[in-house]
Each structure stands twice: as structure tokens, then as C-alpha cells.
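Each chain is listed here by its residues.
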Amino acid sequence: MEGDLNSRETHRQLIHTGLMADGAPMFHYESLAAVQYPLVNGDTTEFDRGVEAWTALMILIGVRNTTKERVAECLRPRVGSYHRPDSQASLLDNYDEIRDA
């Protein structure tokens, strides 16, 4: 993903990665924060998802010459700097009831 957010190719890529729906860009905290999580067995899926989200966001706000490669290069040192969110199941007294609803 590179270039103008209004281009057809960029729209196609945003839709393909789940970052655009109904013609509007979508950014989830979980995707943006994923670049900070430790890799599990060398799997870069979360990091790659985060790079896609950050790339799209930077294009949207008008940062010129944004490419996935440049964004990944800038964010790679952050890998492992933050933990994945803990499951909230233990915080809910009625988790089983909510899960089964």
C-alpha cells in the first residue's frame, strides 16, 4: 500500500486488509498496537497487520512517500515493547453466562 488514499488500488488494498468498510477507513486500537507485541515463534502476522494499519493511517493524514517498507522499518524496533492485553474473562463474574449467550 502506497500513495494516495483516494486511488482505486489503495482502496482495494484497504478493503482487502479489512481497514476499509462502507467507503470509510477503519482503524482499531488492537491493530495499531499489535506492532508492539512480542513475536510468537517468529510469527509476524500481528506485526504485519499493525504495519498495514499504520501505513493506511499515515496515508490518510497525508504523510508523503509512505510505504509499508518504511513504516515497518520505523516500527520494527518496537516489537516486544508491550504485552498483549490480558483476557478479560477473569474480570467478569458472569463470564460463562455471557460467553454462552
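Note that this is a predicted model, so its numbers are computed, not measured. (Residues numbered from 1 in each chain as written. Predicted model: local features only at pLDDT ≥ 70, side-chain atom pairs only at ≥ 80, totals over all residues. Heavy atoms only, no water.)

For the protein, the count of helices and strands is 5 helices and 2 strands. Counting the 101 residues in the protein, one finds 26% classified as buried. Per element, the accessible surface of the protein, about 7,200 Å² overall, is 51% carbon and sulfur. (Helix = DSSP H or I, 4+ residues; strand = E, 2+ residues; numbered from the N terminus. Buried < 20%, exposed > 50% of the residue type's maximum accessible area, 1.4 Å probe, protein only. Areas by Shrake-Rupley, 256 points an atom, 1.4 Å probe, with all protein chains shown as cover.)

Where side chains of opposite charge bring their charged atoms close, a pairing between them can arise. Under the definition given, this model contains 2 salt bridges. When the shortest N-O distance is used, the salt bridge between Glu-46 and Arg-84 registers 2.8 Å. Taken together, the residues Glu-46 in helix 3 (residues 45–60) and Arg-84 in the loop between helix 4 (68–75) and helix 5 (95–100) connect sequence positions 38 residues apart. Residue classification places Glu-46 among the partly exposed positions, given a relative accessible area of 25%. With a relative accessible area of 27%, Arg-84 lands in the partly exposed category. When the shortest N-O distance is used, the salt bridge between Lys-68 and Glu-52 registers 3.1 Å. (Salt bridge = Lys/Arg side-chain N within 4 Å of Asp/Glu carboxyl O.)

What follows deals with the side chain of Ser-31. By the secondary structure assignment, Ser-31 is in helix 2 (residues 29–33). Apart from residues no more than four positions distant in its own chain, Ser-31 is found in contact with Arg-49, Gly-50 and Ala-53. (Contact = heavy atoms within 4.5 Å.)

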